[in-house]
Amino acid sequence: MEKTTIDGREENKQAKDWAWPFWLTVPLYPYSQRRTLRTEVIAGMLWTFDQIQGIFYVVVPIRMTIVKLNAGGLLVYAPVAPTPECLRLVNELVAAHGEIKYIILPTISGVEHKVFVGPFARRFPHAQVFVAPNQWSFPLNLPLSWLGLPAKRTQILPEDSSQTPFADEFDYAILGPIALGPGPFEEVAFFHIRSRTLLVTDIVIAVPETPPAIVQLDPYPLLFHAKDQAAEVIEDSPANRIKGWQRIVLFTLYFRPSVLSVVSFEQTLRNAIKAADHSKKAYFGLFPFLWESDWQRAFTTLGGDGRLFVAPVLQTLILNRAPQETLDWADKVASWAFQHIISCHFNAPIKADTQQFRQAFAFLEQMPSSIEGRGSDPLPEQDFKLLRELDDSLHRLGIVPPPKEKVSR
């Protein structure tokens, strides 16, 4: 039945504005409703567009970056869902700075990035689409046009960045392909010369101590994870939002950090009976987590806003399959004179120099060199326990190749 109240009309308008109809392709929270937050990072030159994604309220930002070109027009790095709200914010830039000329897909394995490129490109029919080489899909390896990318406008990024029409403004370096069994890993880092900005997808991150603005638009996931037990009713406060966010970060990075225990199914059901909220939104009162009293120490080791590092999943399951190739790539990227980094997840922009970037990959070296400052120590080994076990299982089952020895330099 059509809503007739003023509030109802406003709700319907918002629902249409945030609508993402293809959410079933990659069914991640917030499913069919995605809000977008645009931030001007460098006045008149560079903007980020944040949305959120997650599973079981473990939500983190996913980010698109748009850069103004010297000759007019715009380049898009790693598109997000082209909802009506997102398109309106993009078209405001188009009206001021010229049309979208180039759309970049900088990964071959990040399905949460790949799924948006085709729908986004169809909204800007004059843009050229450039994709990382060695694209693949699972379970069938389909042509790019079958995956929704416009056949006549899509081309592979050449190995030599000077062969692109935006070579006078951007350099890039391709990491991979790194063989992983079902499909390889690959990422392309872009360097915008004029703004001295490095654009990356997943390869390095920094974690803010407080929840990003896009996550706070709907604080329910933060408050859900701020609970210590199923029966607890959490008040919406800055402290509880921070508490929930920091636990979400630990879930995201480690899956199960050392400061977290998973409650048995039977106990979870008994606890759920005591829960204050048995709604579907609250997962019917189910809360199978038990945090140690000093859980925050695990977050503290991540270093907050000032530490640049490689996500534990990449350290444990991917980059250790190609340590020499990864370090050679990191050396090339570190040769660029960037001053800050924009990643597709967590914090952005990250104020970091080339030395800090290179230090993030020291875990691949037998005798890593170190630099003074925050975040030079490795992440705690005890928090990698589940990831190490997962890595061993995947290797024993023959799904992934074994890791290689660390590099001696």
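Residues numbered from 1 in each chain as written. Predicted model: local features only at pLDDT ≥ 70, side-chain atom pairs only at ≥ 80, totals over all residues. Heavy atoms only, no water.

Trainee: Tell me about the sheet that holds strand S3 (residues 58–68), and name the residues and values.
Mentor: If you walk across this open sheet you meet the seven strands as S1-S2-S3-S4-S5-S6-S7, and the pairing is mixed. Two strands in the sheet have a free side with no partner beyond their single neighbour: strand S1 (37–42) and strand S7 (154–156). Across the sheet, the mean angle from the axis of one strand to that of its neighbour is 25°, orientation sign disregarded. When strand S6 (residues 128–131) meets S7, the two strands line up parallel, connected through three bridges. When the sheet's bridge partners are listed, Val131 is paired in S7 with Ile156. Sitting on the sheet, helix H3 (residues 111–122) touches strand S2 (46–55), S3, strand S4 (74–77), strand S5 (100–105) and S6, and the angle it makes with S5 is about 155°. (Pairing = 2+ DSSP bridges. Helix = DSSP H or I, 4+ residues; strand = E, 2+ residues; numbered from the N terminus. Axes fitted to C-alpha atoms, helices over the stretch in contact; angles between N-to-C directions. Contact = heavy atoms within 4.5 Å.)

Trainee: Give me the packing of aromatic side chains: which residues, what numbers.
Mentor: According to the stated counting rule, one finds 32 aromatic pairs in the structure shown. An angle of 70° between the planes, with centres 5.9 Å apart, marks the rings of Phe224 and Tyr283 as edge-to-face. Note that Phe224 is positioned in helix H5 (residues 220–226) and Tyr283 in the loop between helix H7 (265–273) and strand S12 (289–291), a separation of 59 residues in sequence. With a relative accessible area of 6%, Phe224 lands in the buried category. Taking 4.9 Å as the distance between ring centres and 65° as the angle between the ring planes, the aromatic pair formed by Phe251 and Phe289 counts as edge-to-face. Note that Phe251 is positioned in helix H6 (residues 238–254) and Phe289 in strand S12, a separation of 38 residues in sequence. The residues Phe251 and Phe289 share a single accessibility class, namely buried. (Phe/Tyr/Trp six-rings, centres within 6.5 Å; stacked < 30°, edge-to-face > 60°. Buried < 20%, exposed > 50% of the residue type's maximum accessible area, 1.4 Å probe, protein only.)

Trainee: Would you mind going over the pairing of S5 in detail, with residue names and values included?
Mentor: By the criterion of burial, S5 is predominantly enclosed, with five of the six residues buried. Two elements, S4 and S5, share four bridges in a ladder whose sense is parallel. Directly across from Leu74, in S5, lies its bridge partner Ile100. Of the crossover connections in this fold, the one passing from S4 over helix H2 (residues 84–97) to the parallel S5 is right-handed. When S5 meets S6, the two strands line up parallel, connected through four bridges. Bridged to Ile103 within S6 is Val129. (Right-handed = clockwise from strand over helix to strand, strands pointing away.)

Trainee: Requested: an account of unusual backbone geometry, with residues and values cited.
Mentor: The omega angle of the peptide bond from Gly176 to Pro177 is 5°, so this bond is cis rather than trans. With respect to the secondary-structure elements, Pro177 resides in strand S8 (residues 170–178). Between Ala348 and the following residue, Pro349, the backbone shows a cis peptide bond with an omega angle of -5°. Positioned with a positive phi, Tyr57 is a non-glycine residue whose angle comes to about 65°. Along the chain, the position of Tyr57 falls in the loop between S2 and S3. The exposure class of Tyr57 is buried, given its relative accessible area of 6%. One non-glycine residue, Phe346, adopts positive backbone phi at about 60°. By the element assignment, Phe346 lies in the loop between strand S13 (340–342) and strand S14 (350–351). By relative accessible area, Phe346 is classed as buried at 4%.

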